[in-house]
Amino acid sequence: MSVVESIDVCASRGPGRPRDARADEAIIATTLSLMSEVGITGLSIEEVAGRAGVSKATIYRRFDSKDELIVAALASLNADLMTEIPAGSTRDVLVSLFESWWKSHPTSQSGQLFPRLFGHARSHPELFGNFFDHVIEPRRDLFRRLIRRGIEQEELRPDTDVELVTTLLISSSVYTLHLRAAGRDVAPGATPADFVDAVIAGFLSTHD
């Protein structure tokens, strides 16, 4: 079942009493919290039900399986993802986006979940694929669109490799943020602006 289908299940499980939106929110929030704590394999429907204050039957009326619940919970991570690119120069918007990301990373659920899900990429390829396609890819696409706009506005070279720049920007931050969280700083004192400037320096347009 796709992520979209998993979410749709929550809203269309047939006749009966109106859905309790508070229960839906509690189930999803609890699932994300538990995944951050115990990972995928340690997550149980029983624990989700207990912490969310609902019955197992309530969860199974919404989701057919634990995997379906996990997929819907992961999809919710992008509920507040920016859809419109802010005005401003490519460099300034990138710096602003990365400053916001770096600031929120220590406590963000996506930042806590990524290492756990990445560790299960081989044992749970379908689940990781859903996480990549529906959580990571939309975020990458935001940077793609910004970089393409920079090319169109002649701030970046016309031959700029959009995928490469996107990957360099995101991967360098992911690597640095996770190491810093583990107590190792591979770029002491470096700020988001430093990373953005270093990555895009070779792609800046010479257009006057």
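The following paragraphs examine the structure supplied in this document. (Residues numbered from 1 in each chain as written. Predicted model: local features only at pLDDT ≥ 70, side-chain atom pairs only at ≥ 80, totals over all residues. Heavy atoms only, no water.)

### So, the nonpolar core
Alright, step 1. In this structure, Ile27, Met35, Ile59, Leu69, Leu74 and Phe131 are the most contacted members of the largest nonpolar core, which totals 29 residues.
Alright, step 2. Of all hydrophobic cores here, the second largest spans 25 residues; its members include Phe143, Leu156, Leu177 and Phe203. (Core = buried A, V, L, I, M, F, W, Y, C linked by side-chain atoms within 4.5 Å. Buried < 20%, exposed > 50% of the residue type's maximum accessible area, 1.4 Å probe, protein only.)

### Here's the deal with the environment of phenylalanine 118
Alright, step 1. Tracing the backbone shows phenylalanine 118 in helix α7 (residues 109-119).
Alright, step 2. On a C-alpha basis, the gap between phenylalanine 118 and phenylalanine 128 in space is 7.1 Å, while along the polypeptide they are 10 residues apart. (Helix = DSSP H or I, 4+ residues; strand = E, 2+ residues; numbered from the N terminus.)

### Structural notes on the pattern of salt bridges
Alright, step 1. This model, assessed by the stated rule, comprises 14 salt bridges.
Alright, step 2. With a closest N to O distance of 2.4 Å, arginine 62 and aspartate 24 form a salt bridge. Of this pair, arginine 62 sits in helix α4 (residues 56-62) while aspartate 24 is found in helix α2 (residues 21-38), placing the two residues 38 residues apart along the sequence.
Alright, step 3. Overall, the relative accessible area of 5% leaves arginine 62 in the buried class.
Alright, step 4. Here glutamate 46 and lysine 56 are joined by a salt bridge, their closest N and O atoms 3.0 Å apart. Of the two residues, glutamate 46 is situated in helix α3 (residues 45-52) and lysine 56 in helix α4; the sequence distance between them amounts to 10 residues.
Alright, step 5. Salt bridges sharing common partners tie together Glu137, Arg140, Asp141, Arg144, Arg145 and Glu163. (Salt bridge = Lys/Arg side-chain N within 4 Å of Asp/Glu carboxyl O.)

Interpretation in functional terms is not warranted from these geometric data alone.
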